[in-house]
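Understanding the architecture of this molecule
So the chains spell out like this:
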Amino acid sequence: MRSRSCSGKWSIEAATKANSRGSSRFTSFVKSSDGSLGFESERIVGGDLNRAPCFPLDAARRDGRASTNRNDNKSLGVRTQDENASNPDVVVVDGMVEPGRHGMSVAPRAEAEDLPSFLIPRRFKGKHRRGSGVPKGNNQLICWRAGDGAFADAKFADHLMFWTDPKRSTEHGFIAPEFRCTLSEYRSALAVTLTMWALVPWPWEADS
Amino acid sequence: MTKPIDYRVYPPERAFSILLLQLNETIESGHGDNPEADAIRDEMSGYWNSFTKEQCQRMNWLSEDLADLARGGPTIVHTSSDAINKWKEALNLALAEKEQGKHDDFLAVLRSPAKTELPPSELLFLQARAWDDAGFPEVAIQFLKAAEKQDLTTGIHVLNKLQREGYVEEAVQKANSLLRDRSSDPLAVYFASAVLLGSVRHLDFNNARPTLEHITEPLRKCFQGFSANHPVEAEVPGFKASMGHILGLCLEWLGQTEAAIKVYDQILALYPNNPDTLTMRGLARWVVDHELAFADLWRAIQHNTKSPWPYILLSREYLGSNNLQAVSLCNQGLNLKPAPSDVAKALLYEGIAIGYAELGQPADRVLENFYLAIDLDPHGELIRENLNTYLSKTGNYKKQPLAQAKLMSLSIIQSSTSQFLGQNRYRPEKTNEDRILRSLAA
């Protein structure tokens, strides 16, 4: 299940080549509890896909069925300024979202170095490397990933781009709209990627 | 810890740290997988996504430090004498960096301590100071509370921090417990009394009374027993005066004016020219002995009081008889640094307006000052009445009641206390930190 980008480190050269071929990349994110990857109607289920490869589901959702619409930090979606005024994933102006380095957050690996400790299940406390933050996540969180390219700027899917975060380009990125579009179109484009995301085990799962 | 105000008003790292503390509390209460905890994480992720790599690392270490704290503090890792010396060396280097505003190295050194003579409570205290200096006061409070469990004298620093950061409810609780504790030192009694007095200053007498009575007894004992040779007095000249001001005010408020005046007398015997004490005694004497009160307030002005009330009260005395002097006093009051409160400034402008009116100055000059006064204190009924008096040319201006000045003398205490606790005069946490670091260096 684990792909190259999940287990290894990429050199800049590899990342550049992958980018120049325009292949779609990587990426995993953590989702949780009732935020399955599924969606209803046009809206994404769940909120922002924080960090790259993981996505937590609760046990009840492990059958992969669509669940409720959500826009939080664990689901396939984004939060606007109306949903998280202090730190929105995207800013919607007159119903429109601009392309750029913002949007659904993702990380390159389901490793403690790339994911914030509050999105790593607490049951892995003690297995993490000191200094990477003590796991404080929901124990039901599971991890999803999509793509196997380098963690570098490229097209991600129809109407969607992947951009790295300039502040932390090797650890954090965004899935953003490719063009100016409505919020609903952006969320729909994210929702369509549902089948691209596959469940991956947490790196510490085998030890637990 | 009760959140004082919306964490979103704070810088992102501090806001994140508050959320992390809330998440820890939620997890500890057994609700780590509940929607409540998820909502906190949701907020945290918004901040996290905006952080730089350095900020993320700092937050990761914060999470580690808090986990260590839950286990009783950092584990000692260096024990050989060589390692201890190297650790001290690293501490000194990190300390120099800290002075430049770089806190991460200092925190890192404290995180891997050597076995020294340093008691665990002092190590926790240093960690508290380091996180505080780095901009995380809520985290500092957690470390201070842990230090207090091992050394009760740290309670004063917990109180000080809670008060400064606006955690009023908790500060009042802590102040009450410090006052109840008979082993509390004079500094702790003083701080606790100041916090409690501040918490009731807007209440009416009946509601304030229990607190005033609670403060008075331990404070009186401390004040009477406090020797001028006490180490605190050497460190903070004027400490006994500050303690006496609070005691005197409580006594006055409780109706024991004579007892209050005796306290002020005692202070003035030690510090004859203390302008705050002169002001307070002047206000206390105003109804008992007008002449003596007048003399005290004049002396307060001569000794550069920062309180506007001597200027306000004396200028009112001169209005009608020596208007030039009255206007001059009001102008001096307006030029005080720090600037008086709006209510006090309003009264000073009103004094100028009345003085000008009595001196027969042009109406626009008189009205300008009345309007400035009304702008500063829109609820000042007497100012409006005096304006109407001027407009109707009856010339029978009313004086502000003494009660208002009495009430405002609370602000003298408040300003004296905040100056005392403030950065310019005495910072007990800084003093303690210096002491610990000196002992380490030795």
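Counting of residues starts from 1 at the beginning of each chain's written sequence and follows it residue by residue. To read the labels, note that chains go from A and ligands from 1, taken in the order they are written. The model is predicted, so local features are restricted to residues of pLDDT at least 70 and side-chain atom pairs to those at 80 or more, both for listing and for counting; the totals for chains, interfaces and linings are taken over all residues. Computation of side-chain values covers all heavy atoms of the structure but excludes hydrogens and water.

Further remarks concern the overall build of chain B. By definition, any uninterrupted DSSP run of H or I lasting at least four residues is a helix, any uninterrupted run of E lasting at least two residues is a strand, and each is numbered from the N terminus. Of the regular secondary structure elements, chain B holds 23 helices and zero strands. In terms of principal-axis extent, the alpha carbons of chain B reach across some 85 × 50 × 40 Å. Expressed as a percentage of the 442 residues in chain B, the buried residues total 54%. Contacts are assigned to residue pairs with any non-hydrogen atoms lying within 4.5 Å of each other. Sequence-distant contacts in chain B: of pairs separated by 6 or more residues, those separated by 24 or more amount to 61%. With a 1.4 Å probe rolled over the protein chains alone, any residue whose accessible area is under 20% of its type maximum counts as buried; one over 50% counts as exposed, and the rest are partly exposed.

Here we come to the overall build of chain A. Helices and strands together make up the secondary structure of chain A, namely three helices and nine strands. When its helices and strands are written in sequence order, chain A yields α-α-β-β-β-β-β-β-β-β-α-β. Within chain A, buried positions represent 57% of all 208 residues. The Shrake-Rupley method, run with a 1.4 Å probe, gives the accessible areas here. Residue values count only the displayed protein chains as cover. Just so you have it, chain A exposes about 8,300 Å², and 52% of that area is on carbon and sulfur atoms.

Within 6.5 Å between ring centres, the rings of Phe, Tyr and Trp (the latter by its six-membered ring) count as paired, and their orientation is classed by plane angle as stacked under 30 degrees, edge-to-face over 60, tilted in between. Applying the stated criterion across every chain yields a total of 17 aromatic pairs over all chains. When the centroid spacing of 6.1 Å and the interplanar angle of 70 degrees are considered together, the rings of Phe 294 of chain B and Tyr 318 of chain B count as edge-to-face. A residue pair is termed long-range when its members are at least 10 positions apart, and Phe 294 of chain B in helix α16 (residues 290-302) and Tyr 318 of chain B in helix α17 (residues 309-318) qualify at 24 residues. Feature note: the residues Phe 118 of chain A together with Phe 16, Trp 48 and Phe 51 of chain B constitute an aromatic cluster, connected by ring pairs. If you follow Arg 14 of chain B out to its NZ or CZ, it ends over the ring of Tyr 10 of chain B, 3.6 Å from the centre. The cationic tip of Lys 240 of chain B hangs over the ring face of Phe 223 of chain B; the distance from NZ or CZ to the ring centre is 4.8 Å. In this scheme, Lys NZ or Arg CZ marks a charge over a ring once it lies within 6 Å of the ring centre and within 35 degrees of the ring normal.

Turning to the interface of chain B and chain A, a few remarks are in order. With 29 residues of chain B at the interface, the matching set in chain A holds 35 residues. Of all residues in chain B, Asp 33, Asn 49 and Glu 64 of chain B give up the largest surface area on contact with chain A, accounting jointly for 21% of the area buried on that side. The salt bridge criterion pairs a side-chain nitrogen of Lys or Arg with a carboxyl oxygen of Asp or Glu, the two atoms within 4 Å. If you look at where chain B meets chain A, you find five salt bridges. For Glu 64 of chain B, the salt bridge goes to Arg 130 of chain A, with nearest N and O atoms at 3.5 Å. Under this definition, polar contacts are N or O atom pairs within 3.5 Å; protein pairs additionally need one hydrogen-donor-capable and one acceptor-capable atom, and for neighbouring residues in sequence, both atoms have to be side-chain atoms. Connecting chain B to chain A are 21 residue pairs in polar contact (both at pLDDT 80 or more). Note on residue classes: Ala, Val, Leu, Ile, Met, Phe, Trp, Tyr, Cys and Pro are nonpolar, Asp, Glu, Lys and Arg are charged, and everything else, Gly too, is polar. Taken together, the residues of the side of chain B that touches chain A sort by class into 10 nonpolar, nine polar and 10 charged. Note on definitions: buried area is the accessible-area loss of two parts on being combined, 1.4 Å probe, summed for both.

What follows is about the packing of helix α9 (residues 168-180) of chain B against helix α11 (residues 205-225) of chain B. Residues and elements named next belong to chain B. For every element, the axis is a line fit to its C-alpha atoms; helices are fit only across the contacting stretch, and the angle between N-to-C directions ranges from 0 to 180 degrees. It is at 10 Å that the axes of α9 and α11 come closest, and there the two elements cross at 40 degrees. Relative to α11, the element α9 is oriented oblique. Judged by the sense of rotation from one axis to the other, the crossing of α9 with α11 is left-handed. Where α9 abuts α11, its residues Asn 176, Leu 179 and Arg 180 lie against His 214, Ile 215 and Pro 218. Orientation categories follow fixed angle ranges, with anything under 35 degrees roughly parallel, anything over 145 roughly antiparallel, 65 to 115 roughly perpendicular, and all other angles oblique. A crossing counts as left-handed when the near helix is turned anticlockwise from the far one by less than a right angle, and as right-handed when that turn is clockwise.

Our focus in this paragraph is unusual backbone geometry. The omega torsion across Lys 337 of chain B and Pro 338 of chain B is -5 degrees, close enough to zero to call that bond cis. In this fold, Pro 338 of chain B is placed in the loop between α18 (323-334) and α19 (342-359). Notably, His 159 of chain A is not glycine yet its phi reads approximately 70 degrees, a positive angle. Assignment of secondary structure puts His 159 of chain A in the loop between β5 (154-157) and β6 (160-164). Here the phi dihedral of Asn 304 of chain B falls at roughly 60 degrees; this positive angle occurs in a residue that is not glycine. For Asn 304 of chain B, a relative accessible area of 60% corresponds to the exposed category.

A few words now on helix α5 (residues 104-111) of chain B. Along α5 of chain B, the residues that are buried comprise Phe 106, Leu 107, Val 109, Leu 110 and Arg 111 of chain B. Its buried side turned inward, α5 of chain B meets α3 (53-70), α4 (81-99) and α6 (120-133) of chain B.

On to the pairing of β5 of chain A, then. Residue and element names in this part refer to chain A. Strands qualify as paired when DSSP identifies two bridges or more between them. In this structure, β5 lies alongside β6, joined through three bridges in antiparallel fashion. Among the inter-strand pairings, Ala 157 is bridged to a residue of β6, identified as Leu 160. Hairpin geometry of β5 and β6 is characterised by an intervening segment of two residues between the two adjacent antiparallel strands and by a positive phi of about 70 degrees at His 159.

Moving on: the confidence of the model for chain B. Residues and elements named next belong to chain B. Chain-level pLDDT for chain B is 87 on average; 92% of the residues reach the 70-or-more range. pLDDT: the predictor's confidence for each residue, scored from 0 to 100. Here helix α22 (residues 402-421) is the element of chain B with the lowest mean pLDDT, 53, and helix α1 (residues 12-28) is the one with the highest, 96. Considering only residues more than four positions removed or in separate chains, one finds that residues 418-424, a stretch of pLDDT under 50, has 17 contacts. Two summary scores accompany this predicted model of the complex, namely pTM at 0.76 and ipTM at 0.71.

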